[in-house]
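What the coordinates show
Here is how the chains run, residue by residue.
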Amino acid sequence: MADIVEEYTRKADAAELEIINLMIEVENLKNKVHNSSSGDGDVLKALKSKNDRLKYRLEILKRAVDSEENCSSKRKQVDVSDCPLEKDSRNMQSIQEILTEVFGVAVSQSYPDVNDVPVLVLPSTKFGDYQFNSAMLISQALAAKGVKVPPRLVASSVVEKLPQVPLIEKAEVAGAGFVNVRISRQYGRSILEDVLLRGVQPPRVHQRLRVVVDFSSPNIAKEMHVGHLRSTIIGESISRLLEFLGHDVVRINHVGDWGTQFGMLIAHLQDKFPDYLHVSPPIADLQALYKESKQRFDEDEKFKKRAYSCVVKLQNHESDYIKAWQLICDVSRKEFQKVYDRLGIRLVERGESFYQERMEALVPRLKAGGFLEEDDGRWVMWGEDGGRGVPLTVVKSDGGFTYDTSDMACLEQRVSEEHADWIIYVTDAGQANHFTTLFQCARRCGILRDGVRVDHVGFGVVLGEDKKKFKTRSGETVRLVALLDEGVRRSKEKLLEKERDKVLSEDELRSAMESVAYGCIKYADLSHNRNHDYVFSFNKMLQDKGNTAVYLLYAYTRICSIARMAGLSGTQLRSALSEGRSQLSLEHEKEWKLGRCLLRFPEVLSRVVKDLGLHQLCDYLYEIATTFTEFYDSCYCIEKDSSGEIQKVNTGRILLCEVTALVMAKVFDILGLKPVPKM
Ligand code: ARG
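Each value, and the rule that gives it
Residues numbered from 1 in each chain as written. Predicted model: local features only at pLDDT ≥ 70, side-chain atom pairs only at ≥ 80, totals over all residues. Heavy atoms only, no water. Helix = DSSP H or I, 4+ residues; strand = E, 2+ residues; numbered from the N terminus. Buried < 20%, exposed > 50% of the residue type's maximum accessible area, 1.4 Å probe, protein only. Contact = heavy atoms within 4.5 Å. Areas by Shrake-Rupley, 256 points an atom, 1.4 Å probe, with all protein chains shown as cover. Near = heavy atom within 4 Å. Polar contact = N/O pair within 3.5 Å; in protein donor to acceptor, adjacent residues only side chain to side chain. Nonpolar A, V, L, I, M, F, W, Y, C, P; charged D, E, K, R; others polar. Axes fitted to C-alpha atoms, helices over the stretch in contact; angles between N-to-C directions. Parallel < 35°, antiparallel > 145°, perpendicular 65-115°, else oblique. Left-handed = near helix turned anticlockwise from the far one by under 90°. Salt bridge = Lys/Arg side-chain N within 4 Å of Asp/Glu carboxyl O. Expected span 1.5 Å × (residues − 1). Phe/Tyr/Trp six-rings, centres within 6.5 Å; stacked < 30°, edge-to-face > 60°. Lys NZ or Arg CZ within 6 Å of the ring centre and 35° of its normal. Disulfide = S-S within 2.5 Å. Pairing = 2+ DSSP bridges. pLDDT = per-residue confidence, 0-100.

**Examining the overall build of the protein chain**
The secondary structure content of the protein chain amounts to 23 helices and 16 strands. Classification of the 679 residues of the protein chain by burial places 50% in the buried group. Considering only contacts in the protein chain between residues 6 or more positions apart, those separated by 24 or more positions represent 74%. Carbon together with sulfur atoms contributes 50% to the accessible area of the protein chain, which is approximately 32800 Å² in total.

**Concerning the site of the ligand**
The ligand sits among D214, S217, N219, H228, H254, Y403, D407, Y425, T427, Q431 and F435. Measuring from an oxygen atom of the ligand, one finds a side-chain N or O atom of H228 at 2.8 Å. Q431 places a polar side-chain atom, nitrogen or oxygen, 2.8 Å from an oxygen atom of the ligand. For the ligand, whose free accessible area comes to 350 Å², the fraction covered by protein is 91%. A class-by-class count of the residues in the shell around the ligand yields three nonpolar, six polar and two charged.

**A few points about the side chain of T548**
On the secondary structure map, T548 appears in the loop between helix 17 (538–541) and helix 18 (549–565). The contact partners of T548, leaving out residues within four places of it in the chain, are Y523, K540, M541 and Q543.

**A short note on the packing of helix 20 (residues 589–599) against helix 22 (residues 615–634)**
Closest axis-to-axis distance for the helix 20/helix 22 pair is 9 Å, and the angle between their directions is 165°. By the angle class used here, helix 20 and helix 22 are roughly antiparallel. The interaxial crossing formed by helix 20 with helix 22 has left-handed handedness. From helix 20, K590, E591, K593, L594, C597 and L598 reach across to helix 22, where they touch Y620, E623, I624, T627, F628, E630, F631 and S634.

**Overview of the pattern of salt bridges**
By the definition in use, this model includes 41 salt bridges. Across the pair R230 and D525 runs a salt bridge, and its minimum N-O distance is 3.0 Å. Note that R230 is positioned in helix 7 (residues 226–244) and D525 in helix 16 (residues 506–526), a separation of 295 residues in sequence. Exposure class is identical for R230 and D525. Each is buried. The partner of E508 in a salt bridge is K678, and the shortest N-O contact between them spans 3.8 Å. Note that E508 is positioned in helix 16 and K678 in the segment after helix 23 (651–671), a separation of 170 residues in sequence.

**Here's the deal with helix 18**
Given 3.6 residues to a turn, an α-helix orients residues that are three or four positions apart in the same direction. When the terminal C-alpha atoms of helix 18 are compared, their 24 Å separation across 17 residues agrees well with the 24 Å that a helix rising 1.5 Å per residue should span. G567, located one to two residues past helix 18, shows a positive phi value of around 75°.

**So, the packing of aromatic side chains**
Scanning the model with the defined rule gives 15 aromatic pairs in all. Each ring, one from Y425 and one from F435, has its centre 4.7 Å from the other, and the planes form 40°; the classification is tilted. Of this pair, Y425 sits in strand 11 (residues 422–426) while F435 sits in helix 14 (residues 432–444), and the two are ten residues apart along the sequence. With respect to burial, Y425 and F435 carry one shared label: buried. Between the aromatic rings of Y551 and Y622, the centroid separation amounts to 5.7 Å while the plane-to-plane angle is 70°, which identifies the pairing as edge-to-face. In this pair, Y551 sits in helix 18 while Y622 sits in helix 22, placing the two residues 71 residues apart along the sequence. Assessed through its relative accessible area of 15%, Y551 is described here as buried. A network of ring pairs unites the aromatic residues F244, F601 and Y620 as a single cluster. The ring of F354 carries R350 above its face, with NZ or CZ at 5.2 Å from the centroid.

**What to know about the side chain of Q261**
Of note, Q261 is situated in helix 8 (residues 261–272). Owing to a relative accessible area of 15%, Q261 belongs among the buried residues under this scheme. Residues in contact with Q261, not counting those within four places in the same chain, are G256 and Y290.

**Section: the state of the cysteines**
Scanning the model with the defined rule gives zero disulfides in all. Distance from the sulfur of C560, which forms no disulfide, to the nearest cysteine sulfur (C657) is 9.8 Å.

**Re the sheet that holds strand 10 (residues 392–395)**
A sheet is described by the order of its strands in space; here three strands give the open sequence 8-9-10, paired in antiparallel fashion. Edge positions in the open sheet fall to strand 8 (373–375) and strand 10, since each of these has one partner strand only. Direction aside, the axes of adjacent strands within the sheet are offset by 50° on average. Pairing between strand 9 (residues 378–381) and strand 10: three bridges, direction antiparallel. Paired with V380 across the two strands is T393, which belongs to strand 10. Running at roughly 85° to strand 10, helix 13 (residues 403–416) makes contact with strand 9 and strand 10 of the sheet. Set on the sheet, helix 14 makes contact with strand 9 and strand 10; between it and strand 10 the angle comes to about 60°.

**Description of unusual backbone geometry**
Most peptide bonds are trans, and most residues other than glycine sit at a negative phi. You will see that D376, though not glycine, has its phi angle at about 55°, which is positive. With respect to the helices and strands, the residue D376 is situated in the loop between strand 8 and strand 9. D376 sits in the exposed class, given a relative accessible area of 76%. Despite not being glycine, K467 shows a phi value in the positive range, around 65°. Residue K467 is classed as exposed on the basis of its relative accessible area of 59%.

**A few points about the environment of S643**
Along the polypeptide, S643 turns up in the loop between strand 15 (638–640) and strand 16 (646–649). For S643, a relative accessible area of 58% puts it in the exposed group. Within polar-contact distance, the side chain of S643 engages the side chain of D641 at 2.8 Å.

**Quick look at the confidence of the model for the protein chain**
Within the protein chain, residue pLDDT values average 89, and 86% of them lie at 70 or more. Across residues 67–89, where pLDDT falls below 50, the model places 36 contacts with residues more than four positions away in sequence or in other chains.

**A word on the pairing of strand 16**
Within a regular beta strand, the side chains point alternately toward one face of the sheet and then the other, so they alternate between its two faces. The pairing of strand 15 with strand 16 spans three bridges and is antiparallel. Directly across from K640, in strand 16, lies its bridge partner I646. Between the end of strand 15 and the start of strand 16, which pair antiparallel, lie five residues, with G644 showing a positive phi angle near 90°.

**A word on the pairing of strand 4 (residues 178–183)**
In the sheet, strand 2 (residues 130–132) pairs with strand 4 via three bridges, with the strands oriented antiparallel. Bridge pairing in strand 4 links F132 to V179. Judged from the six bridges that link them, strand 3 (residues 168–174) and strand 4 form a sheet pairing that is antiparallel. Across the sheet, the residue bridging to V173 is V179, located in strand 4.

**What to know about the sheet that holds strand 6 (residues 248–253)**
Pairing is parallel in the open sheet, where five strands are placed in the order 7-6-5-11-12. Single-partner strands in this sheet number two, and they are strand 7 (348–349) and strand 12 (453–457). Inspection of the sheet shows strand 11 paired to strand 12 by five bridges, in the parallel sense. In the sheet register, V426 faces strand 12, and the bridge partner there is V457.

Okay, here's the thing in C-alpha cells:
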C-alpha cells in the first residue's frame, strides 16, 4: 500500500514538474512573440505545439489522478464479490487505442504538416508487445512534399516526441523504421488487479447507441430450420456484445406472419375444421397443414380464388379471419419458444403483420415522391444504380405487398419510431442483394438518414458431414428441437464415457450435459467465419481437443478449481489484494505472456464490433486457454510434497488464474455459453 502511494505521488510530482516547465516555456515563447515586431511564424507554431503538449500532459495527469482516486477507494472496499457496475467504474481501456493516441500526438508534434497518414500500432509477438508501423508512410508523405527523410529517422523523431505515459516501458527504433514498444508490467498489473476487484469492465465507448438487432425471424407455418438457428445464435451474441459495451439493444423477431400463404392456410383450415371458432383445432402439425393447403392451392382453381379472397378479408381485419390467423400463429409461436427457452434467448416478436398499416401509408408517399416505376403491372423501386440488379417489388400486380414492402416500412419504423442509431439484420447470405437494394432505396427516398448505421450480417449455409445441405437421412429438413435433443443425448454419452457420473451429482451432471450440448452447437457456429458455409458435425464439436466448446469449458472449470484446491475463496483473494498482502504475479515470462493476452480483451472487442465477426472472439478465447496451459505447465501455483500435501501456495499466481477465469467467463457470457463450476 505504502509503495503504491509513493509510486503515485512520484508520478504526480513528475507530471506536475513537467507541466510547470512547459508553462514556463510557453510564457517565454509568448514574450518572444510579444517582443518580435513581425509576429514570428515559427515561434507561433512552436507555441501552438507546446500548448498541445501541455494540454495532453494535463489530460494524462487528470487520468492519473482519477485512477489514483479509484485505486484508493477500491482498496477501502473489501467484499466486491458480485462486482456491481458502479458509475465511476474504471473502464478496461484498449492498450492499442491508447498507444495509437499517444503515437498520434508524437507524430503531429514531429511532423505537424503531415496530416493524412494513418497511425498504425499493431500487437506484435516477435519484438516488443506492440509495433508502430507508420514511419514508412510518413517518409513517403514527406517525400511527396519534396522533403527527404528516411523512415528510420522519422521513427526516431517520433520516439523522441513520444509523451511519457505509464503504459510504455520502452520504445525502440528497429529495422527499416519500426518502433517496438514494450508495455510496463506495473501498468499491466494495475489493470488486471482492477479486473479482480471490480470485475471485467467494458472499454469506454464514445457514444451509447440505440441498436435494433433483427434476428432469428422464422416464418409462421413453415419450419424453423438450421438457417434460423444460425441467425438466432449469431444475433443473440451480437446483442450480448453490444449490451456489454453499454449500448441500448432491442432484439426483434421479424417473423414471417403475413402474406398470401395465410389465405390458403385459412381457407384450408375452414374446410378441415369448420367449427374452429369455437373448438381449438388440433393442428400441432402445421407443416402438414401447409403442405395440404399448398397442394390444393396449386391444383384447384376455385380453392385458389377463395384463398385470395381470404387474404383480402384478413388484411381488412375481419374478425373470423384474424381469429384463424391467430390460431395458426400461436401454434408456430409455441414451437419457436421451445427452441428459445432451451437456448436462453429472449426476443420481442414484431412480425411482418405489424407493418400492414404502415405499408398502406408508405406506398402512396413513395408513388407521390416519384420513387416507384411501373413494370408489367407491378410497382418497383430501383436502388442507387437504377436499372442494374433487381429492384424492390413494392406493389405486386394483384395490388398486394411483399417482403420488400414490409422491410421498407419496417426500416422507416425503426428509424423514426424506434429512434435506432444502428440496425443490424442477421440472415443468410442469400439475402445480401435484398438488403443492399433495400438500404439504397431507403437512402434514396430519405427513410434512411446519414448517421444511421445499417448492417446486413450474412452467414453461409449449414452443411451436413457429406458437405451437402444439412438434411435428415430421409432428406427432410432437420427439426431444431430434435437437433437439440440429439446434442443433449450425445453430450450425455460423452460425459458417461468419461465416467463423470461417478463424480458429479445428478443435478451437476444435467447442468454439465446441457452446458456442453447447447454450448457446443453455439460455439461451432460462432467460431467459424460467419461468411463461410460450415459443416455441422456433433463428432467434431464434441471433441475435447482443439478450438471446441468442450475443450474450453473444461479448461475453464480446471482454472476455477485451482483456487479451490489452494483453499482460497474469491473473497479471500480479493481482500489479500486490496489490503496489499499479495500482488498479482507477472514476473515469469509465461506469467507476463498470459497477462498481456488478457490485457488485449478490449482491443479484441473493438475489432469484433467493427465487422461483427464473432469468430475472432472465439479465437481469442482459445488463445487464452492455450496461453494459460503454457503458464500452468511452467509455473507452479500450488506446490505439493510426494504425499500430495500442500507445501506452498503461490497467491500471486492464483490471482493470475482468477483473472484468467474472469475474462474467460465474460467471453463465454458474450458468446451465450454457460460454463458450469464442475464438469
Ligand atoms: N423471415 C425471413 C426468413 O426466414 C427473415 C427476416 C429477416 N428480417 C427482415 N427484416 N427481413 O428468411
